[in-house]
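# Topology and contacts: notes
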Amino acid sequence: MTPHLQVELERNLSTILTNQFGMTPDTGVMVIHDTQSPLSSLITQAYRKVLSGRTNAYFVDYDSLPPADIIAQIHSSMHPGDIAVLVQSTSFRVSAYRWRLDLFDRKLKVIEHMRLSYMSEEEIPTYIRSLKDESAWLRPMAEKLRDLLTRTTHIKIECVGGSILTYHSAMEKPVVNDGDYSKTLHAGGGYPIGELFSEPVDLSTAEGEVEVYAYPGEDHKMRFAQKPFLIRIKNGCVEGGDFPPEFQPLIEMMRNENPDGKIPVREFGLGLNRNITPEHRLTEATAFERIAGLHLSLGWKHGAYLKKFKHEKELVQRYHVDIYPSTRRIWLNATLIFEDGQFVV
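Notes on the structure in this doc start here.

What counts, and at which threshold
- All chains use their own residue numbering, which begins from 1 and follows the written sequence.
- With the structure being a predicted model, the display of local features is reserved for residues of pLDDT at least 70 and the display and counting of side-chain atom pairs for 80 or more, all residues being used for whole-chain, interface and lining totals.
- By convention in this description, side-chain values take in all heavy atoms of the structure and omit both hydrogens and water.
- For helices the rule is a DSSP run of H or I covering at least 4 residues; for strands it is a run of E covering at least 2, with both sets numbered from the N terminus onward.
- Only C-alpha atoms enter the radius of gyration; for comparison, a globular chain is expected to reach 2.2 Å times N to the power 0.38, where N is the number of residues.
- Here the term buried applies to any residue with accessible area under 20% of the maximum for its type, exposed to any over 50%, and partly exposed to those in between, with areas from a 1.4 Å probe on protein chains only.
- Residues are treated as being in contact if the distance between any of their heavy atoms lies within 4.5 Å.
- We call two strands paired when DSSP finds no fewer than two bridges between them.
- Axis definition: a line fitted to C-alpha atoms, over the contacting stretch in the case of helices. Angles run 0 to 180 degrees between N-to-C directions.
- A cavity, in this analysis, means grid points on a 1 Å lattice covering only the protein atoms where a 1.4 Å probe fits yet has no way out; a pocket is instead an open set bounded by protein on both sides within 12 Å along at least five of seven lines, and a residue lines either one if it has an atom within 4 Å of a point.
- Grid points are joined across faces, edges and corners, and a volume is the space filled by probe spheres set on the points.
- Any residue that is not Ala, Val, Leu, Ile, Met, Phe, Trp, Tyr, Cys, Pro, Asp, Glu, Lys or Arg is counted as polar, Gly included; the first ten are nonpolar and the last four charged.
- The definition of a polar contact used here is a pair of N or O atoms within 3.5 Å, where within protein one atom must be able to donate a hydrogen and the other to accept one, and adjacent residues in sequence count solely through side-chain atom pairs.
- Seen with its strands pointing away from the viewer, a crossover is right-handed when the path leading from the first strand over the helix to the second is clockwise.
- Here a helix's expected span is defined as the number of its residues, less one, multiplied by 1.5 Å.
- Just to be clear on terms, a salt bridge is a Lys or Arg side-chain nitrogen sitting within 4 Å of an Asp or Glu carboxyl oxygen.

### Digging into the overall build of the chain
- Each helix and strand in the chain was counted, giving eight helices and 18 strands.
- In terms of C-alpha radius of gyration, the chain reaches 21 Å, essentially the compact-globule figure of 20 Å for 345 residues.
- By principal-axis analysis of the C-alpha atoms, the chain measures approximately 60 × 40 × 40 Å.
- Taken across its 345 residues, the chain has 55% of its residues classed as buried.
- A fraction of 74% describes how many contacts in the chain between residues 6 or more apart in sequence connect residues 24 or more apart.

Following this line, the structure appears as structure tokens:
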């Protein structure tokens, strides 16, 4: 990594700690890390530089201690409002459920860098730039889009090849990930950030076609199609398409989710991280989800709106597969919000 990128990484991490998490001289910070990938080592080294000289900064090598000892260190060193940083080549397993939630329960703020080993050496500059604090642009844009989505009853998506997908429905309350934790129950989450998502109140109103250029595999790594392939949507569900062989097993998996074989289109997601683009990609699926532009989800699972079908006791909500349409324009009602790779609202 070049000295310039090293400085940029340190600056980005410092800004995250101070601007987004409110770190003061009295804030304890514990960085729990591994050394199993080049990117995890680089990020850990940058945190060491940023936190040097602090007597209340702690570094714990996840691979050198049993989980019980790590938890004991957290108990003895950390207090409510302190910051836990997880730098993970894959994903740490310490408790019976997702460790970030366990740390939230302890009233800690959490910064999570996960599955860093999935990123290639060529993707490291993109990951570093994706951590840049763009709050001055991101938060006003997220607020505009949230307001528009709240009032939307019609959405039109135009793909690069001319395919059109439309919705005729109000949208569920949007969820925003913009780094502003001042009004949230838990402070923190996975990095990079930058996303807003919702879904139609009436899922059956999605009609048309989309041209898909990317999707995640079952290994949580992104797949990029040699050329965009068509997915046809009718009454809110996948009707068919020109699926490449690599995508077909995901379709079969979702068709087998419930006896009726339906695959609904649920999430309407807008990635808001301008440093991730189709040309500057990230292989890790959760990070790539922040890409500037549109993603949709297939399958019945959508955790944010899980209770939507609570009365359908037999419905299995197991799978959530994001797809990335090759998008030219998006309209919310009559307002053009996205065109040729940029948000224009």
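### Regarding the sheet that holds strand β3 (residues 83-87)
- Pairing in this open sheet of five strands is parallel, and the strands run β2-β1-β3-β4-β8 from one edge to the other. A single partner strand is all that each edge strand has here, and the edge strands are β2 (57-61) and β8 (188-190). Between one strand and the next, the sheet's axes are offset by a mean angle of 15 degrees, whatever the strand orientation.
- As defined by bridge partners, β3 adjoins strand β4 (residues 109-113) across five bridges and the pair is classed as parallel. For Ala84, the partnering residue across the bridge sits in β4 and is Val110.
- Along the sheet, helix α2 (residues 38-50) contacts β1 (29-33), β2, β3 and β4; its crossing angle with β3, the most-contacted strand, is approximately 150 degrees.

### A closer look at the layout of surface pockets
- Put simply, the second largest pocket is a space of about 440 Å³.
- Where the lining of the second largest pocket is concerned, the elements lending two or more residues are β11 (222-234), β14 (293-298), β15 (321-325) and β18 (342-343).
- Taken together, the residues of the lining of the second largest pocket sort by class into 15 nonpolar, seven polar and four charged.

### Observations concerning empty space enclosed by the protein
- For the structure on display, the rule yields two cavities of 30 Å³ or more.
- Put simply, the largest cavity is a space of about 80 Å³.
- The wall of the largest cavity is formed by Gln20, Ser130, Lys132, Asp133, Glu134, Ser135, Leu138, Ile193, Gly194, Leu272, Asn273 and Arg274.
- The residue inventory of the lining of the largest cavity, partitioned by class, reads three nonpolar, five polar and four charged.
- By volume, the second largest cavity is sized at about 50 Å³.
- In terms of lining, the second largest cavity is formed by Met114, Tyr127, Gly190, Tyr191, Pro192, Glu284, Thr286, Ala287 and Arg290.
- When its residues are assigned to classes, the lining of the second largest cavity shows five nonpolar, two polar and two charged.

### Quick notes on the environment of Ser204
- For Ser204, the location among the structural elements is in the loop between β9 (195-198) and β10 (207-216).
- Between the C-alpha atom of Ser204 and that of Cys237, which follows or precedes it by 33 residues, the distance is 7.2 Å.
- Dropping the residues within four chain positions of it, Ser204 is found in contact with Asn235 and Gly236.
- At 2.6 Å, the side chain of Ser204 and the side chain of Asp202 are in polar contact.

### Re the pairing of β1
- Within β1, five of the five residues are buried, which leaves the element mostly enclosed by the surrounding structure.
- On β1, burial covers both faces: Val29, Val31 and His33 on one face and Met30 and Ile32 on the other are all buried.
- Both β1 and β3 contribute to a ladder of five bridges, which runs parallel. Note that in β3 the partner of Val31 across the bridge is Val85.
- Relative to β2, β1 runs parallel, the two being bridged by five bridges. Across the sheet, residue Val31 finds its bridge partner in β2, namely Phe59.
- Where the polypeptide runs from β1 across α2 and back to β2, its parallel neighbour, the crossover connection is right-handed.

### Structural notes on α2
- Compared with the 18 Å implied by 1.5 Å per residue over 13 residues, the 19 Å span of α2 between its first and last C-alpha is a close match.
- Among the residues of α2, those classed as buried are Leu39, Ser40, Leu42, Ile43, Thr44, Ala46 and Tyr47.
- Looking at the packing, one finds that the buried side of α2 touches α1 (3-20), β1, β2, β3, β4 and α5 (124-130).

### Points about the pattern of salt bridges
- In the structure shown here, the tally under the stated rule is 16 salt bridges.
- Arg115 is the partner of Glu284 in a salt bridge, and the nearest nitrogen-oxygen pair spans 2.8 Å. Taken together, the residues span a long stretch of sequence, with Glu284 in the loop between β13 (265-271) and α8 (285-288) and Arg115 in the loop between β4 and α5 at a distance of 169 residues. For the pair formed by Glu284 and Arg115, the shared burial category is buried.
- For the salt bridge of Glu172 with Lys308, the shortest nitrogen-to-oxygen distance reads 3.1 Å. Taken together, the positions of Glu172 in the loop between β6 (164-167) and β7 (175-177) and Lys308 in the loop between β14 and β15 put the pair 136 residues apart, joining distant regions of the chain.
- When its relative accessible area of 26% is taken as the criterion, Lys308 is described as partly exposed.
- What you see here is one network of salt bridges that share partners, running through Glu158, Arg328, Arg329, Glu339 and Asp340.

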